[in-house]
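# Summary of structural features
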Amino acid sequence: MIERKPLIAGNWKMNMNVNDSTELINIIANGIVDYDRVDVLVAPPFTLIPHVKQLIGNSRILLGAQNMHSEISGAYTGEISGPMIKESGCSHVILGHSERRSLFKETSYEINLKVSVAVKLGIIPILCVGESLDQREAGQTFEALKDQLDVSLKNLRDMKNPDISTIIAYEPVWAIGTGKTAAPEQAEEVHQFIRKWIEKNFDSVTARQVRILYGGSVKPGNVSELMSKPDIDGVLVGGASLKGDTFVQIIRYS
Ligand code: PEP
């Protein structure tokens, strides 16, 4: 049987500074010294990446960026490329977060380019997908997710590159930062849908290996129930990843 090691990932968004991140990383590092049942990742803002990389040292904490540009280099003022985040020590990159899609008008087409560049560079993408409240209420959840997956992973599908290290994060937009969490059964239903999509578009071995995370108002009080579902392989945490003790409680959910 294929084991999918859970991943607990913290997305710091545009928060933290040198002092606060030093404290936070120390708390996380101490909190996982005797606990290796899960992989742990933090995604700081770009400017903190080198600092956090140094703090992480030999601890098992993985480092991710929150975004990257789809070009390798060039005249793109204000942007950060894949080789840059890789050189700074990131093994992962969050792509297609709903805040990027809604506030910065990123399309699945652009996200597709970023995903394929990340994979070519050996950076593991954490691709975020999720339906809006309107789409859920109109009964269009699966359609919306299919569209996002079809386009955001088009190049990987065309390349017939299953790249099992790619991670998908299901983040219902209505649950992000709102305090509303999808019911574990609701999340599991969508995770099953995503796994079937992977099977159909790649193959069954890939579908069994790819980790699918849930994100949206995860906290110590709801993580265990979410993680008890067979197709939920980890969580992507926003707000609750900024407090060391809280994030460690989430990491040590079982
Ligand atoms: C997120 O931004 O990916 C997220 C899930 O945020 P929060 O945990 O704060 O809802």
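Before reading further, recall that the structure is shown in the block above.
Residues numbered from 1 in each chain as written. Predicted model: local features only at pLDDT ≥ 70, side-chain atom pairs only at ≥ 80, totals over all residues. Heavy atoms only, no water.

## Description of the overall build of the protein
Regarding its fold elements, the protein presents twelve helices and eight strands. Compactness check: the protein gives a C-alpha radius of gyration of 17 Å against a globular reference of 18 Å for 254 residues, within 12% of the reference. Taking the principal axes of the C-alpha coordinates as reference, the protein spans close to 45 × 45 × 35 Å. Each of the 254 residues in the protein was classed as buried or not, and the buried ones make up 50%. Counting only contacts in the protein whose residues sit at least 6 apart along the sequence, the fraction spanning at least 24 positions is 72%. Looking at the protein as shown, the accessible area adds up to about 11700 Å², and 52% of this sits on carbon and sulfur atoms. Of the charged side chains in the protein, 27 are positive and 30 negative, and the gap between their average positions amounts to 2 Å. (Helix = DSSP H or I, 4+ residues; strand = E, 2+ residues; numbered from the N terminus. Rg over C-alpha atoms; globule rule 2.2 N^0.38 Å. Buried < 20%, exposed > 50% of the residue type's maximum accessible area, 1.4 Å probe, protein only. Contact = heavy atoms within 4.5 Å. Areas by Shrake-Rupley, 256 points an atom, 1.4 Å probe, with all protein chains shown as cover. Lys, Arg positive; Asp, Glu negative; His and termini not counted. Charge placed at Lys NZ, Arg CZ, Asp CG, Glu CD.)

## Quick word on the nonpolar core
Nonpolar side chains tend toward joint burial in soluble globular proteins. Formed by 61 residues in total, the largest nonpolar core has its most connected members in Val-42, Ile-194, Ile-198, Tyr-214 and Ile-251. Residues in contact with Tyr-214, not counting those within four places in the same chain, are Tyr-170, Pro-172, Ala-175, Thr-181, Ala-182, Ala-187, His-191, Leu-226, Ile-232, Gly-234, Val-235 and Leu-236. Counting residues in hydrophobic clusters, the runner-up holds eleven residues, among them Leu-7, Ile-126, Cys-128 and Ala-169. (Core = buried A, V, L, I, M, F, W, Y, C linked by side-chain atoms within 4.5 Å.)

## Details of the sheet that holds strand β5 (residues 124-129)
Reading around the circumference, β1-β2-β3-β4-β5-β6-β7-β8 is the order of the eight strands in this closed barrel, with parallel pairing throughout. Here the strands of the sheet are splayed against their neighbours by 25 degrees on average, with no regard to which way each runs. Here strand β7 (residues 212-215) runs beside strand β8 (residues 234-237); their pairing, made up of two bridges, is parallel. Note that in β8 the partner of Gly-215 across the bridge is Leu-236. (Pairing = 2+ DSSP bridges. Axes fitted to C-alpha atoms, helices over the stretch in contact; angles between N-to-C directions.)

## Points about the environment of Glu-87
Looking at the element boundaries, Glu-87 is found in helix α3 (residues 82-87). For Glu-87 and Leu-145, which are 58 residues apart along the polypeptide, the C-alpha to C-alpha distance reads 32 Å.

## Thoughts on the state of the cysteines
The tally for this structure, following the rule as stated, stands at zero disulfides. With no disulfide partner, Cys-90 has as its closest neighbouring cysteine sulfur the one in Cys-128, 15 Å distant. Given a relative accessible area of 4%, Cys-90 falls into the buried group. Take Cys-128: its relative accessible area is 2%, and that puts it in the buried class. (Disulfide = S-S within 2.5 Å.)

## Considerations on the layout of surface pockets
Of the voids in this model, the largest pocket is the one considered here, and its volume is about 470 Å³. Lys-13, Met-14, Gln-66, Arg-100 and Phe-104 are the residues nearest the centre of the largest pocket, which is lined by 17 residues in total. Among the elements that take part in the lining of the largest pocket, helix α4 (residues 98-103) stands out by supplying three residues, more than any other. Of the residues belonging to the lining of the largest pocket, the class tally is eight nonpolar, five polar and four charged. (1 Å grid on protein atoms, 1.4 Å probe; cavity = no way out; pocket = protein on both sides within 12 Å on 5 of 7 lines; lining within 4 Å. Points joined across faces, edges and corners; volume = space filled by probe spheres on them. Nonpolar A, V, L, I, M, F, W, Y, C, P; charged D, E, K, R; others polar.)

## Some remarks on the pattern of salt bridges
For side chains of opposite charge, pairing can occur when their charged atoms come near one another. Applying the stated rule across the entire model yields 13 salt bridges. A salt bridge links Lys-13 to Glu-99, with the nearest nitrogen and oxygen atoms 2.8 Å apart. Residue Lys-13 is found in the loop between β1 (7-11) and α1 (18-31), and its partner Glu-99 is found in helix α4; the two are separated by 86 residues along the sequence. A salt bridge links Arg-195 to Asp-233; its shortest N-O distance comes to 2.7 Å. (Salt bridge = Lys/Arg side-chain N within 4 Å of Asp/Glu carboxyl O.)

## Some words on the site of the ligand
Near the ligand, the surroundings consist of 14 residues, among which Lys-13, His-97, Glu-171, Gly-177 and Ser-217 are the closest. Gly-177 is positioned such that a nitrogen or oxygen atom in its backbone is 2.6 Å from an oxygen atom of the ligand. In the environment of the ligand, an oxygen atom lies 2.8 Å from a nitrogen or oxygen atom belonging to the backbone of Gly-238. For the ligand, the protein covers 95% of the area, taking 300 Å² as the surface of the free molecule. Counted by class, the shell around the ligand contains four nonpolar, eight polar and two charged residues. (Near = heavy atom within 4 Å. Polar contact = N/O pair within 3.5 Å; in protein donor to acceptor, adjacent residues only side chain to side chain.)

No statement about biological role is implied by the geometric values presented.
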